[in-house]
Amino acid sequence: MNKKKSILITGGAGFIGSHVVRLFAQNYLNYQIYNLDNLTYAGNLENLKDVENSPNYKFIKGDITDENFINSIFNKYRFEAVIHLAAESHVDRSIKDPLAFVKTNVIGTMVLLNAFKSCWQGAFENKLFYHISTDEVYGTLGQTGLFTETTSYDPNSPYSASKASSDHFVRAYGETYGLPYVITNCSNNYGRHQFPEKLIPLFINNIINEKSLPVYGDGNYTRDWLYVNDHAIAIDLVFHKGLNAETYNIGGFNEWKNIDLVKLLCKQMDIKLGRLEGSSEKLITYVKDRPGHDLRYAIDANKIKSELGWQPSVTFEEGLNKTIDWYLNNKEWLDNVTSGEYQSYYTKQYS
Ligand code: NAD
Ligand code: TYD
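Residues numbered from 1 in each chain as written. Chains lettered and ligands numbered in written order. Predicted model: local features only at pLDDT ≥ 70, side-chain atom pairs only at ≥ 80, totals over all residues. Heavy atoms only, no water.

Student: Give me the lowdown on the packing of aromatic side chains, citing residues and values where you can.
Tutor: How two aromatic rings sit relative to each other is set out by the distance from centre to centre and by the angle between their planes. All told, the structure shown has 27 aromatic pairs when counted by the stated rule. Relative to Tyr227, the ring of Tyr190 lies with its centre 5.5 Å away and its plane at 50 degrees, an arrangement referred to as tilted. Taken together, the residues Tyr190 in strand β7 (residues 188–190) and Tyr227 in strand β9 (residues 222–227) connect sequence positions 37 residues apart. Residues Tyr190 and Tyr227 agree in their burial class; the two are buried. Between Tyr327 and Trp333 the ring centres are 6.1 Å apart and the planes differ by 70 degrees, which places this aromatic pair in the edge-to-face class. (Phe/Tyr/Trp six-rings, centres within 6.5 Å; stacked < 30°, edge-to-face > 60°. Helix = DSSP H or I, 4+ residues; strand = E, 2+ residues; numbered from the N terminus. Buried < 20%, exposed > 50% of the residue type's maximum accessible area, 1.4 Å probe, protein only.)

Right under this line is the structure:
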């Protein structure tokens, strides 16, 4: 029997990572999937209950910044490919504690790159380092235009600066050491298992609990939203068909001003909760703006569409509907993740 291909997925207990782990564990029985995660507040093994006993899946608890540990698992498991999602991922937290983002997103990526490089010592045939990044590295758009793969990097938040830095290091290792890599830069994701600090799950949770909905500034900021399952499908495609040293932008072709999105969410939630029309909208509260708030993100995803044949499979209305239903049917998950650390974060961020 052929040996299974050994694949390391970092951050697999998080929001997007858990969708990627599930998709790979279910679809590729010829791969041995190792999920490395140190289970920060954002990591939750509950997200992977349905695959935890799969024979081709193993969880490893560990920190990507721990050089000795990372080198030891590379030596032990000889990962032929890495799909790197582990990161500190929330802009507001990066404003409060930028150094934590440098440690995980920059140093952690460097540690993985070094381990991958020394494990394979230049024998890079059929190997791949796949780095998952964000559209936020491009900075902000005005009212028009789209981010393409050749848009210059111009990050504005500590989060996006740390992701931009890690992207640069991945490219530099490709140029300097011939390390095979691919990078994707994706727009805002939404879907089940997203930690309720990001806009959509935070507001769903607050509507359920009839708490105020803190809209930053005037609410006229624009994001391009993609259903997380469609992101995982795009990652699968790029992993198998993407070309070495290429970047692909991934987006939903789906721009929404925050305030319009929040009003749509309120409307759908009123119906689902059997509340009076307009009652959730009354919870909207305009609060102090986020410092350095990027006005608009919008992705031109035509490269991945034309070269790899990917496009989103669900409309925003469908995706949002499924997402709301999931949170309403999984209140226990919400209650679990919003106890403990969440309470002190919430008070610091919104008081
Ligand atoms: P998340 O915060 O939900 O999950 C991050 C995961 O990484 C968690 O499971 C956490 O425990 C783990 N992690 C954090 N620090 C670690 C460390 N030092 N060692 C090991 N594991 C660690 O994030 P997400 O939203 O799923 O994002 C995943 C990746 O996708 C990130 O790289 C992010 O920059 C990128 N991305 C996210 C979005 C989005 O909308 N959420 C959009 C584009 C790109
Ligand atoms: P977020 O989900 O944090 O993603 P990102 O900052 O990576 O785009 O925020 C999405 C948008 O919603 C962004 O413009 C900030 C805004 N926002 C609010 O208005 N209120 C909130 O409480 C949060 C968390 C975000």
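Student: Tell me about the site of ligand 1, residues and numbers included.
Tutor: If you check the shell around ligand 1, you find 28 residues, and the closest are Ile16, Asp37, Ser89, Tyr159 and Lys163. Between ligand 1 and Asp63, the relevant distance is 2.9 Å, taken from a nitrogen atom to a side-chain nitrogen or oxygen of the residue. Protein chains shield 96% of the accessible area of ligand 1, which is 830 Å² for the free molecule. Of all the secondary-structure elements, those providing two or more residues to the shell around ligand 1 are α1 (15–27), β5 (128–134), α5 (158–177) and β7. Tallied by class, residues from the shell around ligand 1 come to 12 nonpolar, 13 polar and 3 charged. (Near = heavy atom within 4 Å. Polar contact = N/O pair within 3.5 Å; in protein donor to acceptor, adjacent residues only side chain to side chain. Areas by Shrake-Rupley, 256 points an atom, 1.4 Å probe, with all protein chains shown as cover. Nonpolar A, V, L, I, M, F, W, Y, C, P; charged D, E, K, R; others polar.)

Student: Describe a nonpolar patch on the surface, listing the residues and the values that go with them.
Tutor: Together, Leu99, Val102 and Ile107 line one region of the surface with nonpolar side chains, adding up to about 240 Å² of accessible area. For Val102, the position within the fold is in helix α4 (residues 98–120). (Patch = residues over 30% accessible without salt bridge, like charges linked within 9 Å, V, L, I, M, F, W, Y side chains within 5 Å. Salt bridge = Lys/Arg side-chain N within 4 Å of Asp/Glu carboxyl O.)

Student: Explain the site of ligand 2 to me, and be specific about the residues and the numbers.
Tutor: Close to ligand 2 lie 20 residues, the nearest being Glu136, Arg223, Arg290, His293 and Tyr350. Between an oxygen atom of ligand 2 and a side-chain N or O atom of Asn188, the distance comes to 2.9 Å. Within the side chain of Tyr350, an N or O atom sits 2.6 Å from an oxygen atom of ligand 2. Burial of ligand 2 by the protein amounts to 97% of the accessible area it has alone, namely 510 Å². The set of elements that each furnish at least two residues to the shell around ligand 2 consists of α3 (91–96), α6 (199–208) and β8 (213–216). Here the shell around ligand 2 is composed, by residue class, of 10 nonpolar, 4 polar and 6 charged.

Student: Explain the sheet that holds strand β2 (residues 31–37) residue by residue, including any values.
Tutor: Paired through backbone hydrogen bonds, the strands of a sheet run either parallel or antiparallel to each other. The 7 strands are arranged β3-β2-β1-β4-β5-β6-β10 in an open sheet whose pairing can be described as parallel. Unpaired on one side and paired on the other, β3 (57–61) and β10 (246–250) mark the two borders of the sheet. If you compare each strand with its neighbour and ignore which way they point, the axes differ by 20 degrees on average. In this sheet, strand β6 (residues 181–186) lies alongside β5 in parallel orientation, the contact comprising 6 bridges. The partner of Ser133 across the bridge, within β6, is Asn185. Packed onto the sheet, α5 meets β5, β6 and β10 and runs at close to 155 degrees relative to β5. (Pairing = 2+ DSSP bridges. Axes fitted to C-alpha atoms, helices over the stretch in contact; angles between N-to-C directions. Contact = heavy atoms within 4.5 Å.)

Student: Any chance you could break down the environment of Pro214 for me, citing the residues and the numbers?
Tutor: Inspection of the secondary structure assignment puts Pro214 in strand β8. For Pro214, a relative accessible area of 7% translates into the label buried. Sequence separation between Pro214 and Val137 is 77 residues, and the spatial gap between their C-alpha atoms is 25 Å.

Student: Quick rundown of the sheet that holds strand β11 (residues 255–257)? Include the residues and the values.
Tutor: The 3 strands lie next to each other as β7-β9-β11, forming an open sheet whose pairing is mixed. Two strands in the sheet have a free side with no partner beyond their single neighbour: β7 and β11. Here the average twist between neighbouring strands, direction ignored, is 50 degrees. Inspection of the sheet shows β9 paired to β11 by 3 bridges, in the antiparallel sense. Residue pairing in the sheet places Thr222 in a bridge with Lys257 of β11.

Student: Can you lay out the packing of α4 against α5 for me, pointing to particular residues and giving the numbers?
Tutor: One way to put it is that α4 packs onto α5 with a least axis distance of 8 Å and a crossing angle of 15 degrees. As judged from the angle between their axes, α4 and α5 are roughly parallel. With respect to the hand of their crossing, α4 and α5 are arranged in right-handed fashion. Contacts between α4 and α5 involve Pro98, Phe101, Val102, Asn105, Val106, Thr109, Met110, Leu113, Asn114 and Lys117 from the former and Pro158, Tyr159, Ser162, Lys163, Ser165, Ser166, Phe169, Val170, Tyr173 and Tyr177 from the latter. A per-class count over the contact of α4 with α5 returns 12 nonpolar, 6 polar and 2 charged. (Parallel < 35°, antiparallel > 145°, perpendicular 65-115°, else oblique. Left-handed = near helix turned anticlockwise from the far one by under 90°.)

Student: Just give me the short version of unusual backbone geometry, but keep the residues and values in it.
Tutor: Phi angles above zero are rare outside glycine, and Leu39 is one such case at about 55 degrees. Position of Leu39 among the secondary structure elements: in the loop between β2 and β3. Overall, the relative accessible area of 29% leaves Leu39 in the partly exposed class. Phi is positive for Gln121, which is not a glycine, with a value near 45 degrees. Relative to the helices and strands, Gln121 resides in the loop between α4 and β5. Among the residues examined, Gln121 registers a relative accessible area of 65% and is labelled exposed.

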